[in-house]
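Below, each chain spelled out in residue letters.
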Amino acid sequence: MPDAPGLELIRGEIDRDSPGAVLATSFDRAQPALIVDPESVLDVLRWLSEQPGHRFDFLSSLHAADYLPAQPRFAIHYELINRDRVERIRVKAMLHDVPPAGGTVGGTMSEEASATGRHGGSPAVTGPAGDGGQSLPEIDSCVELFPTAEAQEREVFDFFGIVFRGHPNLTRILMPDDYVGWPQRRDFPVGGEPVTFTYSEQRFD
Amino acid sequence: MTEAVSTDHPGLSEDRSKEVMTVNVGPHHPATHGVLRLVVDLEGEVVRELRPVIGYVHTGIEKSCEDKSYWKVIPFVERMDYVSYFFQMEAYCGAVERLIDLEIPPRARYLRTLFLELNRIHSHLVWLGTTALDLGAISMLWYCFRERDKILDLFEMATGQRMHTRYFQVGGVIEDIPLGFEAKCRAFAEEMPIRVGQYQDLLDRNEVFLSRTKGTGVVPRERLLELGVTGPLLRAAGDPWDLRKAFDYLAYPELEFKIPVGTVGDNYDRYRVRVAEMVESSKIVLQCLDALPEGPFIADDRKYVLPPRSELSTSMESLIHHFKLVTEGYRVAPGEVYYAIEGPRGELGCFVLADGSAKPARVHFRDPSFVNLQAFREMAIGSYVADMIASLGMLDPILGGVDR
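Residues numbered from 1 in each chain as written. Chains lettered and ligands numbered in written order. Predicted model: local features only at pLDDT ≥ 70, side-chain atom pairs only at ≥ 80, totals over all residues.

A. Fine view of the overall build of chain B. Scanning chain B from terminus to terminus reveals 17 helices and 8 strands. By the compact-globule yardstick of 22 Å for 404 residues, chain B fits well, its C-alpha radius of gyration being 24 Å. Along the first, second and third principal axes, the C-alpha set of chain B runs to 105 × 45 × 35 Å. Looking at the 404 residues of chain B, the share that counts as buried comes to 51%. Summarising the internal contacts of chain B: among those between residues at least 6 apart in sequence, 69% fall at separations of at least 24. (Helix = DSSP H or I, 4+ residues; strand = E, 2+ residues; numbered from the N terminus. Rg over C-alpha atoms; globule rule 2.2 N^0.38 Å. Buried ≥ 20, exposed ≤ 12 C-beta atoms within 10 Å, placed from the backbone. Contact = placed C-beta atoms within 7 Å.)

B. View of the overall build of chain A. Helices and strands together make up the secondary structure of chain A, namely 5 helices and 9 strands. Going from the N terminus to the C terminus, chain A shows its helices and strands as α-β-β-α-β-β-β-α-β-β-β-α-β-α. When the 205 residues of chain A are sorted by exposure, 40% land in the buried category. The contacts of chain A with a sequence gap of at least 6 include a subset with a gap of at least 24, amounting to 51%.

C. Main features of the sheet that holds strand E4 (residues 74-82) of chain A. All names here are of chain A. Spatially, 5 strands are ordered E1-E2-E5-E4-E3 in an open sheet, and the strand pairing comes out mixed. Of all the strands in the sheet, just strand E1 (22-28) and strand E3 (58-66) have a single pairing partner and so form its edges. Averaged over all neighbouring strand pairs, the angle between strand axes comes to 20 degrees, with direction disregarded. Docked against the sheet, helix H1 (residues 4-17) engages E1 and strand E2 (31-36), running at close to 170 degrees with respect to E1. Set on the sheet, helix H2 (residues 41-50) makes contact with E1, E2, E4 and strand E5 (87-95); between it and E5 the angle comes to about 175 degrees. (Pairing = 2+ DSSP bridges. Axes fitted to C-alpha atoms, helices over the stretch in contact; angles between N-to-C directions.)

D. Region of interest: the nonpolar core. Membership of the largest hydrophobic core comes to 164 residues, with the highest contact counts inside it found for A:Ile76, A:Val91, A:Ile162, B:Tyr92 and B:Val352. The greatest single-element share of this core, amounting to 13 residues, is contributed by helix H5 (residues 106-134) of chain B. Excluding residues that lie within four positions of it along the chain, B:Val352 makes contacts with B:Ala95, B:Val96, B:Leu99, B:Glu336, B:Val337, B:Pro360 and B:Val363. (Core = buried A, V, L, I, M, F, W, Y, C linked by C-beta atoms within 7 Å.)

E. Summary view of the packing of helix H7 (residues 181-203) of chain B against helix H12 (residues 267-291) of chain B. Residues and elements named next belong to chain B. Here H7 crosses H12 at 160 degrees, and the two axes come no closer than 9 Å. As judged from the angle between their axes, H7 and H12 are roughly antiparallel. The interaxial crossing formed by H7 with H12 has left-handed handedness. Two secondary-structure elements touch here, H7 through Glu-182, Cys-185, Arg-186, Ala-189, Met-192, Pro-193, Val-196, Tyr-199 and Gln-200 and H12 through Val-275, Met-278, Val-279, Ser-282, Val-285, Leu-286 and Leu-289. Residues of the contact of H7 with H12, tallied by class, amount to 12 nonpolar, 2 polar and 2 charged. (Parallel < 35°, antiparallel > 145°, perpendicular 65-115°, else oblique. Left-handed = near helix turned anticlockwise from the far one by under 90°. Nonpolar A, V, L, I, M, F, W, Y, C, P; charged D, E, K, R; others polar.)

F. Expanded view of the environment of B:Phe370. Structurally, B:Phe370 is set in helix H14 (residues 368-372). With 147 residues separating them in the primary sequence, B:Phe370 and B:Arg223 have C-alpha atoms 17 Å apart. For B:Phe370, the residues in contact, after removing those within four places along its chain, are A:Ala151, B:Gly401 and B:Val402.

G. Looking closely at the interface of chain B and chain A. Counting from both sides, the interface comprises 33 residues of chain B and, opposite them, 25 residues of chain A. Those elements giving two or more residues to the side of chain B that touches chain A turn out to be helix H2 (61-65), helix H4 (85-100), helix H9 (221-226), strand E6 (335-343), strand E7 (346-354), strand E8 (360-366) and H14 of chain B. Residue classes in the side of chain B that touches chain A are distributed as 14 nonpolar, 9 polar and 10 charged.

H. View of the pairing of E1(A). Residue and element names in this part refer to chain A. Examined bridge by bridge, E1 and E2 share 6 bridges and lie antiparallel to one another. Each residue of the ladder has a partner; that of Ala-24, found in E2, is Ile-35. Here E1 hands over to E2 after 2 residues, with Arg-29 in that stretch at a positive phi of 50 degrees.

I. How the structure looks around unusual backbone geometry. A cis amide bond links A:Gln71 with the next residue in sequence, A:Pro72, at an omega value of -5 degrees. On the secondary structure map, A:Pro72 appears in the loop between E3 and E4. Positive phi outside glycine occurs at A:Arg29, with the angle close to 50 degrees. Summarising the element assignment, A:Arg29 is placed in the loop between E1 and E2. In this model, B:Arg166 sits at a positive phi of 55 degrees, which is unusual for a non-glycine residue. One can find B:Arg166 in the loop between helix H6 (138-159) and strand E4 (168-169). Since 15 C-beta atoms lie within 10 Å of it, B:Arg166 is described here as partly exposed.

Okay, structure coming up:
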């Protein structure tokens, strides 16, 4: 693992090539992480995977988390490995939730978001399916760079309703195709799905 | 006369040998090793396009974990990948230990390593038996399950359960191994390489097995890396990437073992690598038994670890700790950890997000079967249907882990 100073050096190098891409660093529990601007997450990932001397070119995991009371609310985690130096680094892109809009989505939403100085998730879109007409946060897909992300981005979309721009086939992967809702969000209750037993319905209804 | 026939059935006059037929394999099909559905486009016997459809055993385990206190999550995560339950437990417990910065005693490190390697043999035995069965070698299943039963006997002796043992705890293991376990385990680990030799005698010169595995399902090493494939599949393609060697966890840095690798990356290499791994794992088991340190088997931190049962009737403080741990559980300071170990199928990672309460805010498993399954399309396209079944067996996906 890069240690805390090593992480700052990496940040400095990225800052030179794409200024403003890295918003912060964290070195919690001996795990180095770069917190990046979601708009330039692809630049950072490409830099990390292609820069000579670094070559974090193996994406071992892509997953999301919902930090609900906090804002920005969502984070996409990219766990990268440099297999030559046997080091791990995490790239975190924090995404704002898109507030539920009463009416049309698109232009008005993104203007509102940029006016309040928010970044990430600003271009509000209506997701492909199963969103119940809700606007969804967006981030660039990294499938071009890491083909392994294909299924994992679909899983994140399926459970969190985060749209990956440029993903070849962004559909639900584990939940049924006609499902409505984003079950891994923290405001989706456990047991939000009513359990119906055929037997009891027939007998006691 | 011939003209009349061709006008009556215009479709029959064209060449049908190039027609593509879509066939649905599964979700209930014995060769899919679970409830995997494959939508296959066939041109004659040749696979032209393939789409795996998953989600049939999705049970929302990750979501349910958010509603359980930390120690109650352990039996839940075991049920994801149901043939490598010790690995799931280790990934989860290790992640929580890193979150609360709790070091486990040396004896627990060795005991965990011991059971992980027994579980690796168990998992590979299930794979070998069922895959050989798919390829027509029915007797292999009985031989493999004979040895598997001995491993399950060992699990039962030490933990009380044959599967889903809930043996690993945050801080160590729940109980020390019983008297007589060591001798029984040693006898098994010494016998296992001989058994593996017998399996190889059955398969290595079996013409049917060889012609069905050699040269089939090859995906180049670079492509496997792009697809994120890890574990025996990657090693069979000649890449000695093994997290047990790469990263420092449990007792692996103190043990001596080799990483078997293949050369071509075909199904035969995948078989050879896994079989060789069983021999290496039995060596690790023996080394763990030899070097098993004396001392406590679980950390002595009363804020996280249950006090010994004997203290409950004499010590008020222990009783209070016990009550707090069992009712509310322990709280974990906010933070997040990703901890990855080498499972039988590749990198098994666990991500735990703590928000300061007694329940995890997110538990995510990076399951190797889920990621490896993406390589299946490239293994199968252009091959015969029969080779597709062989490749799927050699890929060794566990659908409980894929769907979680």
